[in-house]
Amino acid sequence: MGTVFATISTMSTQYVIGGIQQIGVGLRNMKRMDEFFASALDFDITMFDEKGSAGLMSRYTGGTAWQRHAKLRINTNGGGGIELWKFINRTPTRAEFAPSLKSRGILANIIRCRDVSETRQKLFNMDIEVSQVCKDPTGNECFFFRDPDGNYHYVVTCNDYWLKSANSMRRRGSFSGGVYGAIIAVSSIDASLALYRDILGYTRVVFDEEKMFDDFAYWDDNCIVRRMRLERPKWEKGTFLHLLGSSIIELVEVRGMSDTLHTYANRYWGDPGFIHLCFDVNGMDALSEACKKAGFPFTVDSGSETSFSMENASGRFAYCSDPDGTLIEFVEAYSIPLVKRPLIRYNLRKRTLGKPLPKLIFYFF
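The structure displayed is predicted, hence computed values, not measured ones. (Residues numbered from 1 in each chain as written. Predicted model: local features only at pLDDT ≥ 70, side-chain atom pairs only at ≥ 80, totals over all residues. Heavy atoms only, no water.)

S.K.: Lay out empty space enclosed by the protein in plain terms, naming residues and giving numbers.
M.R.: Under the criterion given, the structure shown has one cavity of 30 Å³ or more. Lining the largest cavity we find Leu101, Lys102, Ser103, Arg104, Ala185, Val186, Ser187, Val252, Glu253, Val254, Met257 and Thr260. Residues belonging to the lining of the largest cavity are distributed by class as follows: six nonpolar, three polar and three charged. (1 Å grid on protein atoms, 1.4 Å probe; cavity = no way out; pocket = protein on both sides within 12 Å on 5 of 7 lines; lining within 4 Å. Points joined across faces, edges and corners; volume = space filled by probe spheres on them. Nonpolar A, V, L, I, M, F, W, Y, C, P; charged D, E, K, R; others polar.)

As structure tokens, then:
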């Protein structure tokens, strides 16, 4: 995870991108998928569990403010969370086609892992569809699997920061962590860098190659793709630094595929499948100005004064989209619960820009 300080000429403030907070996934069956992420991948802590109206997202849900059930789960080994999202008063509609390397949008959630073979065996024993363990372009072990709803996940070796120690994870028999990033199919990597590199701060190119990749053979349409992995050069800022850790973005492009369908085609935001990639931020006003100047204006904004609340947490959220229409969410937390009964909240609004919460706090989750 890295730090982005955007200097805006018309503003005296700055913004900090503090890492990937969560990836959103629309569901058909909340109970089944909730249990899967908790048991199979150790997303065993619930940050919020809330039902209500998704009125601000109506531009992406056919103009109707549908009722929804949203639940955020995290893995206490470190990494981003999974936001589980399901319509309450509408039957979810599955996309008419399965995401592929030749489509556009979020193709796979990337999960950080300390022991790839152990994690694969655990999923295999649960009758989950898994690929063989192979090597990614950096030489680290990895594998793909599909969850019970058909979503793709890419488990990769993570050798940098973890919230919990290797011994602690071994004692629990838990070798995977939270969300590490996402594989995003784009019509043009070069055009997409204006957002992912210049605004979000993924400036370090880990690799940029064009070929058929061994680890991508899991995809039915394995083909020649340009593939770029990006990371941040620094990651010492952000409110939830000690929980979220580092992160990566993989952009994939198949030449001549600019007119292919997006994974959002024929489905609402919130329907089954990945719906957004969410970043923890500080300095939302400055970020809004930076996105607008770069050609990625906010399309949804809960507003600085009328903040949203999720159960006992509160903050401000906004959305923009990449050049292909993939939705990127930003969340600036204003308060989080430290104790639920009686409710004691930690006020974040007066903290220094990007100052991390003490690491000790996350051991109470």
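S.K.: Tell me about the pattern of salt bridges, and name the residues and values.
M.R.: What the rule picks out here adds up to 24 salt bridges. Where Arg104 meets Asp324, a salt bridge forms, and the shortest distance between an N and an O atom there is 3.6 Å. Here Arg104 is found in the loop between strand E4 (81-87) and strand E5 (105-113), whereas its partner Asp324 is found in the loop between strand E17 (313-321) and strand E18 (327-339), with 220 residues between them in sequence. Look at Arg104 and you get buried, because its relative accessible area is 14%. (Salt bridge = Lys/Arg side-chain N within 4 Å of Asp/Glu carboxyl O. Helix = DSSP H or I, 4+ residues; strand = E, 2+ residues; numbered from the N terminus. Buried < 20%, exposed > 50% of the residue type's maximum accessible area, 1.4 Å probe, protein only.)

S.K.: Break down the pairing of strand E14 (residues 273-282) for me, with residues and values.
M.R.: Counted residue by residue, E14 has ten buried out of ten residues, so it is predominantly covered. For strand E1 (residues 16-26) and E14, the ladder comprises eight bridges, and the chain directions are antiparallel. Directly across from Ile17, in E14, lies its bridge partner Val281. (Pairing = 2+ DSSP bridges.)

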